[in-house]
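Residues per chain, in single letters:
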Amino acid sequence: MYRDIFIDFDDTLYDTRGNAQIALGELFEHFKLIQYFHSPEDFYTPYWQTNSALWEQYAAGKIDRDHLIVERFRQPLSKGINADGTPFSPSREECLKISDVFLDFCSSKPGLVEGARELVEYLISRNYKLHLCSNGFHEVQYKKLKSCGLAEFFDNIILSEHAGANKPSPRFFDYAFSETSAQKNQTIMIGDNLTTDIGGAAAYGLDTIFFIRRKDPTDTHSISASLQPTFTVFSLKEIESIL
């Protein structure tokens with residue numbers, strides 16, 4: 001039934017959250033952030049809250065890349081306290097420097113979601129054409145692909161920066177189909193984000209596989225009557241029984 005598979009990268013195949021958490025620890029040590037925070041967790045918690053909110057805004061086209069890069073560090077770092085008791089107020093230049101180091105730490109990590117390599121090897125053995133579809137930044141995604149060893153499995157790397165629009169915009173999928181020459185009725189989208197991956201693909205007329213990697217009690221992206229994935233799985237292994 002399907003010939004082409006559009007598949008999300010971050011936290012669908014690549015363990016972005018896990019790798020980033022390791023990188024945050026390295027970042028905390030590298031910049032000696034303990035001088036501003038009582039503990040690493042006092043920095044990690046606001047970082048993740050800020051990062052999630054900013055990526056949602058970025059996907060919706062409400063902010064640009066530069067704003068995301070600066071604010072995802074400026075906001076959590078502003079929770080820190082200087083030695084004299086005043087709030088830590090990092091400059092834009094400091095935030096950009098910290099971001100560069102963080103992205104370098106992140107993109108060097110090889111960690112994959114459980115079953116990711118086995119899934120792509122299985123799909124290739126079944127003669128599917130795989131097309132990575134991501135809102136991630138060009139230079140970072142290619143480094144991640146090299147670090148985790150998955151680059152060779154994809155016929156195309158479709159990035160929002162090249163498309164001129166983020167998932168879930170139909171412009172992203174217009175670009176994806178122009179690059180892959182895939183047929184809509186023979187293409188399925190796999191992803192872990194109900195809004196950007198599943199909602200965007202479904203609105204474009206594609207079948208979808210929603211990968212729920214972990215049940216997060218704070219997650220607001222619950223499946224609704226108006227958005228029902230074609231398939232829902234809780235492990236990548238389950239996808240083999242569908243495809």
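Residues numbered from 1 in each chain as written. Predicted model: local features only at pLDDT ≥ 70, side-chain atom pairs only at ≥ 80, totals over all residues. Heavy atoms only, no water.

A. Looking closely at the packing of helix 1 (residues 16-30) against helix 4 (residues 92-107). Closest axis-to-axis distance for the helix 1/helix 4 pair is 9 Å, and the angle between their directions is 135°. One finds that helix 1 runs oblique with respect to helix 4. Here helix 1 and helix 4 pass one another in a crossing that is right-handed. Along its contact with helix 1, which presents A20, A23, L24, E26, L27 and H30, the element helix 4 presents I98, V101, F102, F105 and C106. When its residues are assigned to classes, the contact of helix 1 with helix 4 shows 9 nonpolar, 1 polar and 1 charged. (Axes fitted to C-alpha atoms, helices over the stretch in contact; angles between N-to-C directions. Helix = DSSP H or I, 4+ residues; strand = E, 2+ residues; numbered from the N terminus. Parallel < 35°, antiparallel > 145°, perpendicular 65-115°, else oblique. Left-handed = near helix turned anticlockwise from the far one by under 90°. Contact = heavy atoms within 4.5 Å. Nonpolar A, V, L, I, M, F, W, Y, C, P; charged D, E, K, R; others polar.)

B. Local environment of a negative patch on the surface. A cluster of like negative charges, contributed by E114, E118, E121 and E152, occupies part of the molecular surface. Mapped onto the elements of the fold, E114 is located in the loop between helix 4 and helix 5 (116-125). Here E114 falls in the exposed class, since its relative accessible area comes to 74%. (Patch = residues over 30% accessible without salt bridge, like charges linked within 9 Å, V, L, I, M, F, W, Y side chains within 5 Å. Areas by Shrake-Rupley, 256 points an atom, 1.4 Å probe, with all protein chains shown as cover. Salt bridge = Lys/Arg side-chain N within 4 Å of Asp/Glu carboxyl O. Lys, Arg positive; Asp, Glu negative; His and termini not counted. Charge placed at Lys NZ, Arg CZ, Asp CG, Glu CD. Buried < 20%, exposed > 50% of the residue type's maximum accessible area, 1.4 Å probe, protein only.)

C. Summary view of the pattern of salt bridges. Per the counting criterion, the structure on display carries 10 salt bridges. Residues participating in the shared-partner salt-bridge network are D8, K167 and D197.

D. Main features of the sheet that holds strand 5 (residues 207-211). Taken in spatial order, the 6 strands make up an open sheet running 3-2-1-4-5-6, and their pairing is parallel. The open sheet is flanked by strand 3 (156-159) and strand 6 (231-233), the only strands paired with a single partner. Here the strands of the sheet are splayed against their neighbours by 20° on average, with no regard to which way each runs. Sheet analysis places strand 1 (residues 4-7) next to strand 4 (residues 187-191), joined by 4 bridges and oriented parallel. Considered in strand 4, the bridge of I5 is made with I188. Packing against the sheet, helix 9 (residues 194-203) makes contact with strand 4 and strand 5, and its axis sits at approximately 165° to strand 5. (Pairing = 2+ DSSP bridges.)

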